[in-house]
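# Structure at a glance
Given next are the chains, with one letter for each unit.
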Amino acid sequence: MPEHLTVPTELLNRASAGNAEAQFALAELYMQSEHEEDIELAEEWALKAAGLGYVEAMYWLGEGYAVYAKDLLEEDPEEANTYFEYALNWLKQAAELQHASATLELASFYRRGYVVEKDVAKSISLVQKAAEMGEVQAMRDLACIYEHGLGIEVDEAKADEWHAKAEAANKE
């Protein structure tokens, strides 16, 4: 079995002193471990950072809880919904702070109806917002939505526009 991680003392000190960036760095470090205790510590440190308003930690938690919930969905729908609720909470907070990837992930909740009422129009609106914030995947998704009329009328001009924006953003 692999050894537990070695945590730099300086990083642990900064995290313990309430530095949200250090707390999140510590969470990411612990997440690299294969030990269950370290994974639990990763979540604890990320929760501390998110609680201090660190938007990357909010997104990281939201995305992580969503992935875990999707894995549980078939096996234990009730527990999956609990984790979807956790994910929704953190993704909403990160999206309110203009985190583009969180906004895009939040769109999937409304598209699929995960612990919220299914609302395709709201989902498309969130995808557009994320695209306007520069999220390349959202630009691609929006182009596809317009190209195939997924929940809206087909609009080739808008599809072409968003394909071009995604291509240009990819080259940056």
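Residues numbered from 1 in each chain as written. Predicted model: local features only at pLDDT ≥ 70, side-chain atom pairs only at ≥ 80, totals over all residues. Heavy atoms only, no water.

Moving on to the packing of aromatic side chains. Geometry of an aromatic ring pair is reported as the spacing of the ring centres plus the angle between the planes. Going through the model one piece at a time under the given rule, you end up with nine aromatic pairs. Between F24 and Y54 the ring centres are 5.6 Å apart and the planes differ by 45°, which places this aromatic pair in the tilted class. Note that F24 is positioned in helix α2 (residues 20-31) and Y54 in the loop between α3 (36-51) and α4 (55-72), a separation of 30 residues in sequence. With centroids separated by 4.2 Å and ring planes inclined at 15°, the aromatic side chains of F84 and Y114 adopt a geometry described as stacked. Taken together, the positions of F84 in helix α5 (residues 77-96) and Y114 in the loop between α6 (100-112) and α7 (120-132) put the pair 30 residues apart, joining distant regions of the chain. With a relative accessible area of 0%, F84 lands in the buried category. Three or more aromatic residues joined by ring pairs form one cluster here, namely Y65, Y68, Y83 and Y86. In this arrangement the basic side chain of K48 is found over the ring face of W45, its NZ or CZ atom lying 4.3 Å from the centre. (Phe/Tyr/Trp six-rings, centres within 6.5 Å; stacked < 30°, edge-to-face > 60°. Helix = DSSP H or I, 4+ residues; strand = E, 2+ residues; numbered from the N terminus. Buried < 20%, exposed > 50% of the residue type's maximum accessible area, 1.4 Å probe, protein only. Lys NZ or Arg CZ within 6 Å of the ring centre and 35° of its normal.)

Once that is clear, we can look at α4. Taking 1.5 Å as the rise per residue, α4 with 18 residues should run 26 Å; its terminal C-alpha atoms sit 26 Å apart, in good agreement. Residues A57, M58, Y59, L61, G62, Y65, A66, A69 and L72 constitute the buried set of α4. For α4, the secondary structure elements touched by its buried residues are α2, α3, α5 and α6. (Expected span 1.5 Å × (residues − 1). Contact = heavy atoms within 4.5 Å.)

Reported here for the largest pocket is a volume of approximately 420 Å³. Lining the largest pocket are 13 residues, and of these M31, I39, E43, G64 and Y65 lie nearest its centre. Counting residues per element, the ones that place at least two in the lining of the largest pocket are α3 and α4. Among the residues forming the lining of the largest pocket, the class breakdown is eight nonpolar, one polar and four charged. (1 Å grid on protein atoms, 1.4 Å probe; cavity = no way out; pocket = protein on both sides within 12 Å on 5 of 7 lines; lining within 4 Å. Points joined across faces, edges and corners; volume = space filled by probe spheres on them. Nonpolar A, V, L, I, M, F, W, Y, C, P; charged D, E, K, R; others polar.)

Before going further, it helps to examine the pattern of salt bridges. Scanning all chains against the criterion turns up three salt bridges. Among the ionic pairs, R14 bridges to E10, the shortest N-O distance being 2.8 Å. On the criterion of helical spacing, the pair formed by R14 and E10 is a turn pair, its members being four residues apart in helix α1 (residues 9-16). Judged by its relative accessible area of 35%, R14 is partly exposed. A salt bridge links K70 to E105; its shortest N-O distance comes to 3.5 Å. Here K70 is found in helix α4, whereas its partner E105 is found in helix α6, with 35 residues between them in sequence. (Salt bridge = Lys/Arg side-chain N within 4 Å of Asp/Glu carboxyl O.)

A word on a negative patch on the surface. Together, E36, E37, E40, E43 and E44 make up a region of like negative charge exposed at the surface. With respect to the helices and strands, the residue E37 is situated in helix α3. (Patch = residues over 30% accessible without salt bridge, like charges linked within 9 Å, V, L, I, M, F, W, Y side chains within 5 Å. Areas by Shrake-Rupley, 256 points an atom, 1.4 Å probe, with all protein chains shown as cover. Lys, Arg positive; Asp, Glu negative; His and termini not counted. Charge placed at Lys NZ, Arg CZ, Asp CG, Glu CD.)

Right, let's get into the packing of α4 against α6. Running from N to C, α4 and α6 cross one another at 30°; their axes reach a closest spacing of 10 Å. In terms of orientation, α4 lies roughly parallel with respect to α6. The crossing of α4 and α6 is left-handed. On α6, the residues touching Y59, A66 and K70 of α4 are S101, A102, E105 and F109. In terms of residue class, the contact of α4 with α6 is built from four nonpolar, one polar and two charged. (Axes fitted to C-alpha atoms, helices over the stretch in contact; angles between N-to-C directions. Parallel < 35°, antiparallel > 145°, perpendicular 65-115°, else oblique. Left-handed = near helix turned anticlockwise from the far one by under 90°.)

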